[in-house]
Amino acid sequence: MPRAFVALGSNLGDRERNITEAIERMGRRGIKVIKMSSVIETEPYGYKEQDKFLNAACLVETELSPVELLDVLLEVEKEMGRERKIRWGPRNIDLDLIFYEDRIIIEEHLIVPHPDAHNRAFVMGPIAEIDPDFVHPVLKKKVREIYEELNEN
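What comes next is a walk through the structure.

Cut-offs applied
Residues numbered from 1 in each chain as written. Predicted model: local features only at pLDDT ≥ 70, side-chain atom pairs only at ≥ 80, totals over all residues. Heavy atoms only, no water. Core = buried A, V, L, I, M, F, W, Y, C linked by side-chain atoms within 4.5 Å. Buried < 20%, exposed > 50% of the residue type's maximum accessible area, 1.4 Å probe, protein only. Helix = DSSP H or I, 4+ residues; strand = E, 2+ residues; numbered from the N terminus. Contact = heavy atoms within 4.5 Å. Pairing = 2+ DSSP bridges. Patch = residues over 30% accessible without salt bridge, like charges linked within 9 Å, V, L, I, M, F, W, Y side chains within 5 Å. Areas by Shrake-Rupley, 256 points an atom, 1.4 Å probe, with all protein chains shown as cover. Salt bridge = Lys/Arg side-chain N within 4 Å of Asp/Glu carboxyl O.

1. Some thoughts on the nonpolar core
- Residues Leu 8, Met 26, Leu 69 and Leu 95 are the most contacted members of the largest nonpolar core, which totals 26 residues.
- Put simply, the parts of the chain that give this core at least two residues each are strand 1 (3-10), helix 1 (15-28), strand 4 (53-61), helix 2 (66-79), strand 5 (94-100) and strand 7 (110-112).
- Here the element with the most residues in this core is helix 2; it accounts for 5 residues.
- If we ignore the near neighbours within four places in the chain, the residues touching Leu 69 are Ala 4, Ile 31, Thr 62, Leu 64, Leu 97 and Tyr 100.
- Counting residues in each nonpolar core, the second largest holds 16 residues, with Leu 59, Ile 98, Met 124 and Val 143 among its members.

2. Comments concerning the pairing of strand 1
- With 7 of 8 residues buried, strand 1 lies mostly within the body of the structure.
- Strand direction decides the pairing type here: strand 1 and strand 4, joined by 8 bridges, are antiparallel. Each residue of the ladder has a partner; that of Phe 5, found in strand 4, is Leu 59.
- Summarising the sheet, strand 1 and strand 5 pair through 6 bridges and their orientation is antiparallel. Bridged to Val 6 within strand 5 is Leu 97.

3. Notes on a nonpolar patch on the surface
- Residues Ile 104, Ile 106, Ile 111, Val 138 and Leu 139 make up a contiguous nonpolar surface patch of roughly 470 Å² in combined accessible area.
- Position of Ile 111 among the secondary structure elements: in strand 7.

4. A few points about the pattern of salt bridges
- On inspection of all chains with the given rule, the structure shows 13 salt bridges.
- In this structure, Arg 15 and Glu 41 form a salt bridge, with 3.0 Å as the shortest nitrogen-oxygen distance. In this pair, Arg 15 sits in helix 1 while Glu 41 sits in strand 3 (residues 40-42), placing the two residues 26 residues apart along the sequence.
- On the basis of relative accessibility, which here comes to 22%, the residue Arg 15 falls in the partly exposed class.
- The exposure class of Glu 41 is partly exposed, given its relative accessible area of 47%.
- Lys 141 is the salt-bridge partner of Glu 149, the closest N and O atoms lying 2.9 Å from each other.
- You can call Glu 149 partly exposed: its relative accessible area is 34%.
- Classification of Lys 141 as partly exposed rests on a relative accessible area of 30%.

5. Things to note about unusual backbone geometry
- In this chain, Val 112 is followed by Pro 113 through a cis amide linkage whose omega measures 0 degrees.
- Note on placement: Pro 113 falls in the loop between strand 7 and helix 3 (121-130).
- Positioned with a positive phi, Glu 101 is a non-glycine residue whose angle comes to about 50 degrees.
- Within the fold, Glu 101 resides in the loop between strand 5 and strand 6 (105-107).
- Located in the positive-phi region is Lys 140, a residue other than glycine, with phi close to 55 degrees.
- With respect to the element layout, Lys 140 can be found in the loop between helix 3 and helix 4 (143-152).
- On the accessibility criterion, Lys 140 (62% relative accessible area) is exposed.

Here it is in structure tokens:
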């Protein structure tokens with residue numbers, strides 16, 4: 001069964017509960033969490049005038065195609081009341097499809113690997129915790145190496 005990495009984030013409301021609820025909702029849709037990272041608190045990315053985030057990542061198994069998986073993630077965000085008002089702004093839940101197997105996908109509404117994930121320590125760190133030797137299919141580097149480089153800067 002195909003495997004994918006999903007990044008989770010929240011900085012509104014009960015942040016930890018939001019992450020847990022998103023995982024539960026994913027599970028009810030046949031997205032099986034195989035491995036979960038630690039939950040970490042991070043500074044906001046992009047738009048800085050907001051509260052700190054809780055971030056995590058999970059490795060999932062799913063029979064869904066990449067586009068179908070993205071659609072389910074967006075559906076879960078919507079059901080949980082996510083509002084998109086400010087780019088990189090506050091949100092009760094954020095679910096990003098980072099990797100789908102080792103595939104490179106460029107479509108109108110989906111780019112995998114996530115085009116900015118390699119610049120975000122709060123994404124690469126949790127994924128490196130789960131699978132440090134996973135190789136970014138575009139950069140041809142292990143996620144652990146990417147994370148280490150981000151921490152050097």
